[in-house]
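Residues per chain, in single letters:
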Amino acid sequence: MDLKTASALRRLRLVSAPEAVSFLLLLVCSVLKRTTDFNAVPVMGMVHGVLFVLYVLFWADAWNRAKWPFGTAALYFVLSFLPTGGFFAERKLRREAEDAVIASRARRESAAKA
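Numbers given for residues are sequential positions, taken from 1 along each chain in its written order. Predicted model: local features are reported for residues with pLDDT of at least 70 only, side-chain atom pairs are reported and counted for 80 or more only, and whole-chain, interface and lining totals are derived from all residues. The basis for every side-chain value is the complete set of non-hydrogen atoms in the structure, without hydrogens or water.

Before going further, it helps to examine the nonpolar core. Generally speaking, a soluble globular protein has its nonpolar side chains buried in company with each other. As used in this record, nonpolar core signifies buried Ala, Val, Leu, Ile, Met, Phe, Trp, Tyr and Cys residues forming a set joined through side-chain atoms within 4.5 Å. The buried label applies to any residue whose accessible area, calculated with a 1.4 Å probe on protein chains only, is under 20% of its type's maximum; exposed applies above 50%, and partly exposed to all values in between. The biggest cluster of nonpolar side chains holds 14 residues, and the ones touching the most others in it are Leu12, Tyr55, Trp59, Ala62, Trp68, Tyr76 and Leu93. In this description a helix means any DSSP run of H or I spanning at least four residues, a strand means any run of E spanning at least two, and both kinds are numbered starting from the N terminus. Elements that contribute at least two residues to this core include exactly helix 1 (3-35), helix 2 (41-66), helix 3 (70-79) and helix 4 (85-113). Residues are treated as being in contact if the distance between any of their heavy atoms lies within 4.5 Å. Those residues in contact with Trp68 that lie beyond four places of it in its chain are Leu9, Leu12, Trp59, Ala62, Trp63, Ala73, Tyr76, Leu93 and Glu96.

We now examine the confidence of the model for the protein chain. pLDDT is a per-residue confidence score from the predictor, ranging from 0 to 100. Mean pLDDT over the protein chain: 91, with 99% of residues reaching 70 or higher. Mean pLDDT values over the elements of the protein chain span from 87, in helix 4, up to 95, in helix 2.

When two rings of Phe, Tyr or Trp (its six-membered ring) have centres within 6.5 Å they constitute a pair, described as stacked for plane angles under 30 degrees, edge-to-face for angles over 60, and tilted for the intermediate range. Taken as a whole and judged by the stated rule, the model has six aromatic pairs. Among the aromatic side chains, those forming a connected cluster through ring pairs are Phe52, Trp59, Trp63, Phe70, Phe77 and Phe81. To sit over a ring, a charge needs its Lys NZ or Arg CZ within 6 Å of the ring centre and within 35 degrees of the ring normal. It is Arg11 that lies over the ring of Phe58; its NZ or CZ is 5.7 Å from the centre.

Have a look at this one:
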C-alpha cells in the first residue's frame with residue numbers, strides 16, 4: 001500500500017467516529033427539542049453536516065485510491081447513514097490498516113531472506 005492510499009484510509013478512519021458521535025448527538029438534540037425548550041439542533045445539525053460531507057469526500061478518495069470493489073465501497077457508504085455505523089467503519093478500517101502493515105512487513109522479511 002502506498003503512502004497516499006494509507007493517508008486516504010487514515011483520513012476516512014479518523015472522521016468516521018466523530019461523524020457517528022455527531023449523528024447520535026443530533027438525534028438526542030432532536031428528541032430534546034421536541035420534549036423540552038432546549039434547541040441545539042441548528043448547531044448540531046451544522047456540525048454533523050460538515051462531518052458528513054468530510055466523510056463522503058474522504059470515502060470517495062479512499063475508494064479511488066484503495067481500488068475497493070463496489071461492495072466494500074457501498075458498505076462504507078451505507079455505514080455513514082446509520083447512527084452507529086461510523087464506529088463500525090472505524091474499526092474495520094483500523095483492521096484493514098493493521099493487515100496492510102503486517103503484509104508489508106512480511107514482504108520485506110521475505111525479500112530480505114531471498
